[in-house]
Amino acid sequence: MGYQTKNWKTIVAAAFVAVSLTACGGTASKGGSANYPEKPFIVTAPSGAGGGWDKTARSLAKVLGETKLVDQTMTVENKPGGGGTVFLAEYVTKDKNDPYKLFVSSPPILINNLKKEGNSPYGYKDVTPLAQITKDYGAIAVAANSKYNDLHSLINDIKADPSKVTLAGGSAPGSMDHLISVLPAFRAGVDPKTVKYLSYDGGGEAIAALLGNNADAIGTDISSLGSYLKAGKIKILAVTSDERIGGDFKDVPTLKELGIDAEFTIWRGVLGPKGMTKDQIAYWDKTLQSLSENEAWAKELEANDWVSEYKNSEDFTAFLAEQEVAVKELLTALGMQK
């Protein structure tokens, strides 16, 4: 939920109403330290395969390697559990001084640290934010054979009997996919505590549940839905952007078009351990800025329906501080803050 700061008053207000309503090689000449990097990297996606974190980590490693912006091998691993909380607890305690272990994250690193239930004692202040690299949007989707052809019909059934409609997402209750899933119903005046939500470890599992008829609809990042839409396996009922995205999603209406005055922007970034040195941070500042300006990365963004949004370590850290305040406001409005 990299909510754009200028839109946060709108988002928090809407949520409250609804709740009351939720590179550079290994040499100094390429930036950083003369001795860093000198061995392979591990990039972790704190979720199962198929979701936004997994795709981001794999795209990052792929392009950095293919363009030789990073000369060392970059291996991607998945560590699902608790919407990222299981991984983060292990990472902060065991890998805080290992600059060769990086990970990708998004709004859950803030949400999980601030919410009341299923929360994490750790957050962005326990690691080193290296860069924001993309932004994405949330979406509500149903299976292709679903009886729902528009968002309002889904909301009307939830209003009639919330127990008969199952929503799903790739994160825990109170986390990002949950907020995306239930926000439209919140805005329609549904008591959020009555909405039936199933959580899975990653967007891939949530989509599998949808296609297996174990859920009526899912809320997730729209970029993870493109291949399923092209294959005719799903229908996307709405996107949480401020205007239509275009491309394969040109026919998907925004929440605002449907009379729901809210948007939900999902940032994604690269983070490292707390103990990184200034030289190591400088290396990644230079490397990831070069990535953001690289044509191969632009093609990767287009292929995954992502939008480029680069912030260096200093700006990304400041942005997260602002977002922490905004997330706390939203969770408070939802009654989910700790």
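Remember, it's a predicted structure, so these values are computed and weren't measured experimentally.

Participant: I'd like to hear about empty space enclosed by the protein, residue by residue, with values.
Facilitator: By volume, the largest cavity is sized at about 190 Å³. In terms of lining residues, the largest cavity is bounded by 20 residues, among which Trp 53, Gly 170, Met 176, Gly 202 and Gly 203 are the most central. The residue inventory of the lining of the largest cavity, partitioned by class, reads 4 nonpolar, 12 polar and 4 charged. Contributing elements (two or more residues each) for the lining of the second largest cavity: helix H3 (85-94), strand E3 (101-105) and helix H4 (108-114). Taken together, the residues of the lining of the second largest cavity break down into 7 nonpolar, 6 polar and no charged.

Participant: Which residues make up the environment of Phe 186, and what are the values?
Facilitator: Note on placement: Phe 186 falls in helix H6 (residues 176-187). Separated by 27 residues in sequence, Phe 186 and Lys 159 have C-alpha atoms that sit 9.8 Å apart.

Participant: Which residues make up the pairing of strand E7 (residues 217-221), and what are the values?
Facilitator: For E7, a buried count of 5 out of 5 residues is recorded, marking the element as mostly surrounded by other parts of the structure. Here strand E4 (residues 127-143) runs beside E7; their pairing, made up of 4 bridges, is antiparallel. The partner of Ala 139 across the bridge, within E7, is Thr 220.

Participant: How would you summarise the layout of surface pockets if you had to cite specific residues and measurements?
Facilitator: The gaps of empty space that remain are located by a probe, the size of a water molecule, rolled over the atoms. Approximately 310 Å³ is the volume attributed to the largest pocket. Taken together, 14 residues make up the lining of the largest pocket; nearest its centre are Glu 117, Pro 173, Gly 174, His 178 and Met 336. The class makeup of the residues in the lining of the largest pocket is 6 nonpolar, 4 polar and 4 charged.

Participant: Quick rundown of the packing of aromatic side chains? Include the residues and the values.
Facilitator: Inspection of the entire model under this criterion finds 11 aromatic pairs. Look at Tyr 36 and Phe 41: their rings are 5.9 Å apart centre to centre, the planes differ by 85 degrees, and that puts the pair in the edge-to-face class. A relative accessible area of 1% places Phe 41 in the buried class. Ring geometry for Trp 267 versus Phe 319: centroids 6.5 Å apart, planes at 85 degrees, classification edge-to-face. Note that Trp 267 is positioned in strand E9 (residues 265-273) and Phe 319 in helix H11 (residues 313-334), a separation of 52 residues in sequence. Phe 319 gets classed as buried once you look at its relative accessible area, which sits at 9%. One aromatic cluster in this structure is built from Tyr 36, Phe 41, Tyr 100, Tyr 283 and Trp 284. Across from the ring centre of Phe 319, 4.3 Å away, lies the NZ or CZ of Lys 311, which sits over that ring.

Participant: Would you mind going over the pairing of strand E6 (residues 196-199) in detail, with residue names and values included?
Facilitator: Where strand E5 (residues 166-169) lies against E6, 4 bridges are found, and the strand directions are parallel. Bridge pairing in E6 places Gly 169 opposite Ser 199. A crossover connection joins E5 to the parallel E6 through H6; in handedness this β-α-β unit is right-handed.

Participant: Give a detailed account of the side chain of Asp 221, specifying residues and quantitative values.
Facilitator: Within the secondary structure layout, Asp 221 lies in strand E7. Residue class for Asp 221 comes out buried when judged on its relative accessible area of 5%.

Calculation criteria
- Residues numbered from 1 in each chain as written.
- Predicted model: local features only at pLDDT ≥ 70, side-chain atom pairs only at ≥ 80, totals over all residues.
- Heavy atoms only, no water.
- 1 Å grid on protein atoms, 1.4 Å probe; cavity = no way out; pocket = protein on both sides within 12 Å on 5 of 7 lines; lining within 4 Å.
- Points joined across faces, edges and corners; volume = space filled by probe spheres on them.
- Nonpolar A, V, L, I, M, F, W, Y, C, P; charged D, E, K, R; others polar.
- Helix = DSSP H or I, 4+ residues; strand = E, 2+ residues; numbered from the N terminus.
- Buried < 20%, exposed > 50% of the residue type's maximum accessible area, 1.4 Å probe, protein only.
- Pairing = 2+ DSSP bridges.
- Phe/Tyr/Trp six-rings, centres within 6.5 Å; stacked < 30°, edge-to-face > 60°.
- Lys NZ or Arg CZ within 6 Å of the ring centre and 35° of its normal.
- Right-handed = clockwise from strand over helix to strand, strands pointing away.

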